[in-house]
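A structural walkthrough
Here is what each chain is made of, one letter per residue.
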Amino acid sequence: MEGRIVTTETVQELQGVFFDDNTFFDFVLDINDNYFLLLSEQDEVEIALTEYAYLLEIPLSDFISKPTPPPFE
Amino acid sequence: MIINPYLFGPVFDPDAQAFITAAAIVNPTEQTAINTLVIDLKGYNIWNKTLVIYPFVGGTALSNSKNLKNISLGTLSYTTGVNHGTLGIQGNTVSYADTGLKSTTIGFTQNNAASGIYLQSWTLGQTMPYGHFGNLTMYRTGNVVYPMINNALNTSTGVPILNGLLQTSRDNALNFIFKDKNNAPVTLTSGSSALNSTLNLYVCFGNNYNGVNDWISFNYYALALTATELTNMNTAVQTFQTTLGRQV
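Given the structure is predicted, the values throughout are model-derived calculations rather than measurements.

When pLDDT drops low, the exact placement of atoms in the prediction is not to be read closely. Here chain B averages 95 in pLDDT, and 97% of its residues register 70 or above. Scored as a whole, the predicted complex attains pTM 0.95, and scored at its interfaces, ipTM 0.95.

Before going further, it helps to spend a moment on unusual backbone geometry. Residues and elements named next belong to chain B. Positioned with a positive phi, phenylalanine 56 is a non-glycine residue whose angle comes to about 45°. Summarising the element assignment, phenylalanine 56 is placed in the loop between strand S1 (50-54) and helix H4 (61-65). Even without being glycine, asparagine 208 reaches a positive phi, approximately 80°. Along the chain, asparagine 208 turns up in the loop between strand S14 (200-203) and strand S15 (215-222).

With that out of the way, let us pick up the nonpolar core. In globular proteins that are soluble, nonpolar side chains generally tend to be buried together. All names here are of chain B. In this structure, Ile89, Ile106, Trp122, Met138, Val203, Ile216 and Tyr221 are the most contacted members of the largest nonpolar core, which totals 34 residues. Every element with two or more residues in this core is listed here: S1, strand S5 (97-102), strand S6 (113-119), strand S8 (136-141), strand S9 (144-149), strand S12 (175-179), S14 and S15. If you look at the next biggest cluster of nonpolar residues, it comprises 29 residues, including Leu165, Leu225, Leu230 and Phe240.

Between chain B and chain A, the residue contacts involve 26 residues of the former and 22 residues of the latter. Of the roughly 1800 Å² buried where chain B meets chain A, counting both sides, 58% is carbon and sulfur surface. Of all residues in chain B, B:Tyr78, B:Thr80 and B:Val94 give up the largest surface area on contact with chain A, accounting jointly for 30% of the area buried on that side. The tally of links from chain B across to chain A stands at zero salt bridges. Connecting chain B to chain A are eleven residue pairs in polar contact (both at pLDDT 80 or more). Residues of the side of chain B that touches chain A, tallied by class, amount to twelve nonpolar, 14 polar and no charged. Pairing analysis gives two bridges linking strand S2 (residues 23-24) of chain A to strand S2 (residues 77-79) of chain B, with the strands arranged parallel.

Time to look at the packing of aromatic side chains. What the rule picks out here adds up to 15 aromatic pairs over all chains. A centroid spacing of 5.5 Å and a plane angle of 20° characterise the contact between B:Phe133 and B:Tyr209, whose relative ring orientation is stacked. Here B:Phe133, found in the loop between strand S7 (130-131) and S8, pairs with B:Tyr209, found in the loop between S14 and S15; they are 76 residues apart in sequence, far enough to count as distant. What makes B:Tyr209 buried here is its relative accessible area of 8%. Three or more aromatic residues joined by ring pairs make a cluster, and in this case those are A:Phe19, A:Phe25, A:Phe27 and A:Tyr52. For B:Lys42, the ring lying beneath its charged end belongs to B:Trp47, and the centroid distance is 5.3 Å. Residue placement shows B:Lys69 over the ring face of B:Trp47; its charged tip is 5.4 Å from the ring centre.

Let us look at the sheet that holds strand S5 (residues 60-62) of chain A. All names here are of chain A. Read from one edge to the other, the open sheet built from four strands follows the order S3-S4-S1-S5, with strand pairing classed as antiparallel. Lying at the two open borders of the sheet, with one neighbouring strand each, are strand S3 (27-29) and S5. In this sheet, neighbouring strand axes are inclined to one another by 55° on average, regardless of whether the strands run parallel or antiparallel. The pairing of S3 with strand S4 (residues 35-37) spans three bridges and is antiparallel. Directly across from leucine 29, in S4, lies its bridge partner tyrosine 35.

Thresholds, definitions, all that
Residues numbered from 1 in each chain as written. Chains lettered and ligands numbered in written order. Predicted model: local features only at pLDDT ≥ 70, side-chain atom pairs only at ≥ 80, totals over all residues. Heavy atoms only, no water. pLDDT = per-residue confidence, 0-100. Helix = DSSP H or I, 4+ residues; strand = E, 2+ residues; numbered from the N terminus. Core = buried A, V, L, I, M, F, W, Y, C linked by side-chain atoms within 4.5 Å. Buried < 20%, exposed > 50% of the residue type's maximum accessible area, 1.4 Å probe, protein only. Contact = heavy atoms within 4.5 Å. Buried area = accessible area lost by both parts, 1.4 Å probe. Salt bridge = Lys/Arg side-chain N within 4 Å of Asp/Glu carboxyl O. Polar contact = N/O pair within 3.5 Å; in protein donor to acceptor, adjacent residues only side chain to side chain. Nonpolar A, V, L, I, M, F, W, Y, C, P; charged D, E, K, R; others polar. Pairing = 2+ DSSP bridges. Phe/Tyr/Trp six-rings, centres within 6.5 Å; stacked < 30°, edge-to-face > 60°. Lys NZ or Arg CZ within 6 Å of the ring centre and 35° of its normal. Axes fitted to C-alpha atoms, helices over the stretch in contact; angles between N-to-C directions.

As structure tokens, this is what we get:
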């Protein structure tokens with residue numbers, strides 16, 4: 001999976017902000033504690049029409065999620 | 001008076017029509033599928049027990065966001081990363097749809113509850129495709145699924161991993177019923193636990209744990225359903241999916 005690494009300032013500014021009627025920005029920490037923006041194809045189309053289109057210019061990087069311990073095992 | 005449907009369009013069940021309008025469903029096949037689903041659920045006397053139904057039809061963020069049972073309740077919002085398509089909605093293990101509802105606000109009680117999820121596949125282990133971690137979801141590890149309907153994870157309740165409609169129902173404090181798409185309902189022993197008043201119910205992701213990256217084509221919550229009602233629900237939902245050409 002690929003996504004865009006963003007700054008903590010971007011996270012503080014945009015976390016939880018809706019960019020269309022149904023969808024809001026949600027930034028996720030990767031295994032190296034970088035904040036990622038992971039977008040679907042529809043997200044990219046919608047964001048391109050907004051003031052947040054600049055986010056699409058951020059190059060893609062590999063996203064590896066943080067491991068989660070099994071709830072039992 | 002005879003109404004010509006070619007002039008005025010088909011007449012749908014009022015609840016189906018309300019959803020079709022709110023979700024902006026314009027495809028005739030999708031409209032018919034929704035209408036048949038509502039009529040089937042009413043015919044089986046299940047409709048009045050359902051609380052929230054997400055049929056994930058229409059292929060858009062708007063159409064996928066609407067609750068068939070009550071278009072004014074539980075409208076989904078999405079994090080970035082959720083796909084919308086003919087198969088429904090798809091997360092990426094960390095993205096999700098938020099119902100805005102909690103176990104304590106959805107309308108069921110600790111010992112009177114049911115839920116179901118229709119998965120096109122279930123690819124990854126250590127994942128939960130809906131609900132919330134703790135006691136209202138299903139957890140896959142290896143090739144086994146552990147269902148939770150107001151009960152904590154319990155190693156004695158494992159069932160084989162499957163796709164299609166997976167359902168749980170509880171009408172008492174001691175055990176619950178699990179139903180998959182193929183087999184007769186089975187009773188699993190696991191004592192109930194208190195409803196969670198903190199975590200919202202998600203789709204694609206068990207809130208506070210891990211999500212799936214598979215397409216999800218249906219999700220519902222209801223009051224407790226009997227074994228027969230679970231079987232009838234499976235029939236109605238499978239008919240719905242077949243009409244849409246996405247049955248598994």
